[in-house]
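Coordinates in review
Single-letter residue listing:
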Amino acid sequence: MPLSDHEQQLLDQLEKQLRSEDPRFARNISETQAAANGPGFSAKRFVLGILLTLVGLAATIFAISMVTNSAWWIILGVVGFGLMVAGMYWAFSRPRQIGDKTKRAQPSNGPQSEAKGSTGFMNRIEDRWEKRQRGE
């Protein structure tokens, strides 16, 4: 259901106010939404993944049907199983965007965070709260 003109104006005002009061938070929210709204299901990726899975399944069944004690059939079975797993992963995973970053660098909070070692979720929240209280 679309928003009315008045509701749209109120939403725009709230967004402007948020961006002016806390631009870092607004930027984080917009980045999160952009990542969530990124490319989703890809039919081409799904079909290729299923084909890879079927090839792996065929290789595994063929290797199992050869009941000899040869190491080559065991290796073929393991490779076939690996292809099945890789194909299913490929078929159901989301494609990455060109600008995606797999690891983001965590900003240093000065000597405090270095002295603490690895900071947990609550420590980061407390640090943010202290910065806001100081007006940073």
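Computed from a predicted structure; not experimentally measured.

Cut-offs applied
Along every chain, residues carry numbers that run from 1 in the direction the sequence is written. Local features in a predicted model are, by the rule used here, given only for residues with pLDDT of at least 70; side-chain atom pairs are given and counted only at 80 or more, and totals for whole chains, interfaces and linings are based on all residues. The basis for every side-chain value is the complete set of heavy atoms in the structure, and neither hydrogens nor water enter the calculation. Secondary structure elements follow DSSP: runs of H or I of four or more residues count as helices, runs of E of two or more count as strands, with numbering from the N terminus. The buried label goes to any residue with under 20% of its type's maximum accessible area, the exposed label to any with over 50%, and the partly exposed label to all in between, with areas taken from a 1.4 Å probe on protein chains only. Contacts between residues were defined by any pair of non-hydrogen atoms, one from each residue, lying within 4.5 Å. Nonpolar side chains (Val, Leu, Ile, Met, Phe, Trp, Tyr) are joined into patches within 5 Å and like charges within 9 Å, using only residues with over 30% relative accessible area and no salt bridge. Note that accessible areas follow from Shrake-Rupley with a 1.4 Å probe, and for residues the cover is restricted to the protein chains shown. We count a salt bridge whenever a side-chain nitrogen from Lys or Arg sits within 4 Å of a carboxyl oxygen from Asp or Glu. UniProt positions are given in the numbering used here, feature names are shortened, and annotations may be inferred rather than shown by experiment. Each aromatic pair joins two rings of Phe, Tyr and Trp (for Trp, the six-membered one) with centres within 6.5 Å, and gets the label stacked for planes under 30 degrees apart, edge-to-face for over 60, and tilted for any other angle.

What follows deals with the overall build of the chain. Broken down by element type, the chain carries 6 helices and 0 strands. Within the chain, the proportion of its 136 residues that are buried is 12%. Of the contacts formed within the chain by residues at least 6 apart in sequence, a portion of 64% connects residues at least 24 apart.

This part is about a nonpolar patch on the surface. A cluster of nonpolar side chains, Val 47, Leu 48, Leu 51, Leu 54, Leu 57, Ile 61 and Trp 90, forms an exposed patch at the surface whose accessible area comes to about 630 Å². Within the element layout of this structure, Val 47 appears in helix α3 (residues 43-65). Taking the relative accessible area as the measure of exposure, Val 47 reaches 45% and is therefore partly exposed.

Counted according to the given criterion, the structure contains 1 salt bridge. Residue Arg 132 pairs with Asp 22 through a salt bridge whose shortest N-O separation is 3.2 Å. Of this pair, Arg 132 sits in helix α6 (residues 121-134) while Asp 22 sits in the loop between α1 (5-21) and α2 (23-36), and the two are 110 residues apart along the sequence. Taking relative accessible area as the criterion, Arg 132 reaches 52% and is therefore assigned exposed.

Next up on the list: the UniProt feature "transmembrane region" (unreviewed entry) in the chain. The feature "transmembrane region" (unreviewed entry), as given by UniProt, occupies residues 46-65 and 71-92 in the numbering adopted here. When the span residues 46-65 is considered, its composition is 100% helix and 0% strand, and the gap between its end C-alpha atoms is 28 Å. Span residues 71-92 is 100% helix and 0% strand, its end C-alpha atoms 32 Å apart.

Okay, the environment of Phe 62 next. Looking at the element boundaries, Phe 62 is found in helix α3. A sequence separation of 15 residues divides Phe 62 from Gly 77, and the C-alpha atoms of the two residues are 7.8 Å apart. Among all residues touching Phe 62, those that are not within four sequence positions of it are Trp 73 and Leu 76.

This next bit is on the packing of aromatic side chains. In the structure shown here, the tally under the stated rule is 2 aromatic pairs. Centroid distance Phe 46 to Phe 92: 5.5 Å. Interplanar angle 75°. Geometry classified as edge-to-face. Of this pair, Phe 46 sits in helix α3 while Phe 92 sits in helix α4 (residues 71-92), placing them 46 residues apart in sequence. Pairing Phe 62 with Trp 73 gives two aromatic rings, centres 5.3 Å apart and planes at 70°, and the pair type is edge-to-face.

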